[in-house]
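Chains, contacts and geometry: an overview
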Amino acid sequence: MSVESRKIRLVMDLRNGGVTDTRVLAALERIPRETFVAEAFQDQAYANQALPISCGQTISQPMVVGLMTQALELTDRHKILEVGTGSGYQAAILSRLVRRVYTIERHRDLMAAAEPRFKALNLHNITTMVGDGYKGWPAQAPFDRILVTAAARLVPPELVAQLSSEGGIMVLPVGDGGPSQEVIRVRKNGTQFESERLFPVRFVPLVQGVPDDPAKR
Ligand code: SAH
């Protein structure tokens, strides 16, 4: 099967699985997932599954990317923070849907691989930072939307603080390190919070701090 027909089939599967927002489907169709997948997994770029990337991390399953993106209720006026750049795939999808994407990754090597992909695809509204996303990006706060793509034990309070109090939405997987995690959606209005449980998932953990940089030792 050609790449194009695999892609069409994947987008159909996502629609059947509940990704009905046409802007989200169009972004999934437009961003080439093969650009974000290692050479060894090219033939699986349009399979509906998570795949390994370097540093022991994963590029998320397309269905999960679709459902989490849809849950964010994005418009082209939004400024969004993503925690966990990984391959850069999710950030690329977001960049088609919002005004500006800020994305943080704790592994320098992953960011060094993601940045040239953004350039190659002419995605110029993505700003990157290597650091601990658990703390958010205070200098750029508040954010209209926050998406965390690694599982936290609890909703990180720093991220809640950096979410806009005028209808800000944060979507994140929460779990205690075991196999059962759930995607949670937090809505913030003034000083009020509302949180909903959306669907079960399996993500790599959100790790506090950044890895030791050998160059600094
Ligand atoms: N959104 C990614 C999937 C990333 S997997 C994609 O589309 O490919 C989760 C990522 O979160 C991993 O790359 C991991 O290194 C990163 N991560 C985990 N804890 C983090 C933290 N505290 N700050 C920043 N990134 C973190």
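Residues numbered from 1 in each chain as written. Predicted model: local features only at pLDDT ≥ 70, side-chain atom pairs only at ≥ 80, totals over all residues. Heavy atoms only, no water.

**Examining the sheet that holds strand β4 (residues 100–105)**
Spatial ordering of the open sheet is given by β5-β4-β3-β6-β7-β8-β9, a layout of seven strands whose pairing is mixed. With one partner strand each, in any of the chains shown, β5 (126–130) and β9 (192–201) form the two edges of the open sheet. Put simply, the sheet's adjacent strands are angled 15 degrees from each other on average, direction ignored. With nine bridges connecting them, strand β7 (residues 166–175) and strand β8 (residues 181–189) associate as antiparallel partners. Note on β8: the bridge partner recorded for L172 is I184. Strand contacts of helix α5 (residues 108–120): β4 and β5, with the helix running at about 165 degrees to β5, the strand carrying the most contacts. (Pairing = 2+ DSSP bridges. Helix = DSSP H or I, 4+ residues; strand = E, 2+ residues; numbered from the N terminus. Axes fitted to C-alpha atoms, helices over the stretch in contact; angles between N-to-C directions. Contact = heavy atoms within 4.5 Å.)

**Quick look at the pairing of β4**
Buried residues dominate β4, accounting for five of its six residues. Bridge count between strand β3 (residues 79–83) and β4: five bridges; the pairing is parallel. Note on β4: the bridge partner recorded for V83 is I104. A crossover links β3 with its parallel partner β4, the connecting element being helix α4 (residues 89–95), and its sense is right-handed. Regarding topology, α5 serves as the crossover connection from β4 to the parallel β5, and that connection is right-handed. (Buried < 20%, exposed > 50% of the residue type's maximum accessible area, 1.4 Å probe, protein only. Right-handed = clockwise from strand over helix to strand, strands pointing away.)

**Some words on the site of the ligand**
Not every one of the 27 residues close to the ligand is listed here, only the nearest: S87, E105, D132, G133 and V207. In this structure, an oxygen atom belonging to the ligand sits 2.6 Å away from a side-chain N or O atom of E105. At 3.1 Å from a nitrogen atom of the ligand is found a side-chain nitrogen or oxygen belonging to T149. Taking 580 Å² as the accessible area of the ligand by itself, protein coverage stands at 100%. (Near = heavy atom within 4 Å. Polar contact = N/O pair within 3.5 Å; in protein donor to acceptor, adjacent residues only side chain to side chain. Areas by Shrake-Rupley, 256 points an atom, 1.4 Å probe, with all protein chains shown as cover.)

**Remarks on the packing of aromatic side chains**
All told, the structure shown has three aromatic pairs when counted by the stated rule. Geometrically, the ring pair formed by Y102 and F143 is edge-to-face, given 5.9 Å between the ring centres and 65 degrees between the ring planes. Taken together, the residues Y102 in strand β4 and F143 in the loop between β5 and β6 (145–148) connect sequence positions 41 residues apart. A single burial state applies to Y102 and to F143, both of which are buried. (Phe/Tyr/Trp six-rings, centres within 6.5 Å; stacked < 30°, edge-to-face > 60°.)

**Some details on the nonpolar core**
As a rule of thumb, soluble globular proteins bury nonpolar side chains together. Of all hydrophobic cores here, the largest spans 46 residues; its most connected members are V19, L28, M68, I80, Y89, I93 and V171. Contributions of two or more residues to this core are made by α1 (3–16), α2 (22–30), α3 (62–71), α4, α5, β7 and β9. Per element, the largest residue contribution to this core is six residues, and it comes from α3. Filtering out sequence-adjacent residues up to four positions away, M68 remains in contact with L147, V148, V171, L172, P173, V183, F199 and F203. (Core = buried A, V, L, I, M, F, W, Y, C linked by side-chain atoms within 4.5 Å.)

**Thoughts on the environment of L25**
Inspection of the secondary structure puts L25 in helix α2. On the accessibility criterion, L25 (5% relative accessible area) is buried. Separated by 14 residues in sequence, L25 and V11 place their C-alpha atoms 6.8 Å apart. Not counting residues up to four positions away in its chain, the partners in contact with L25 are V11, L14, R15, V19 and T20.

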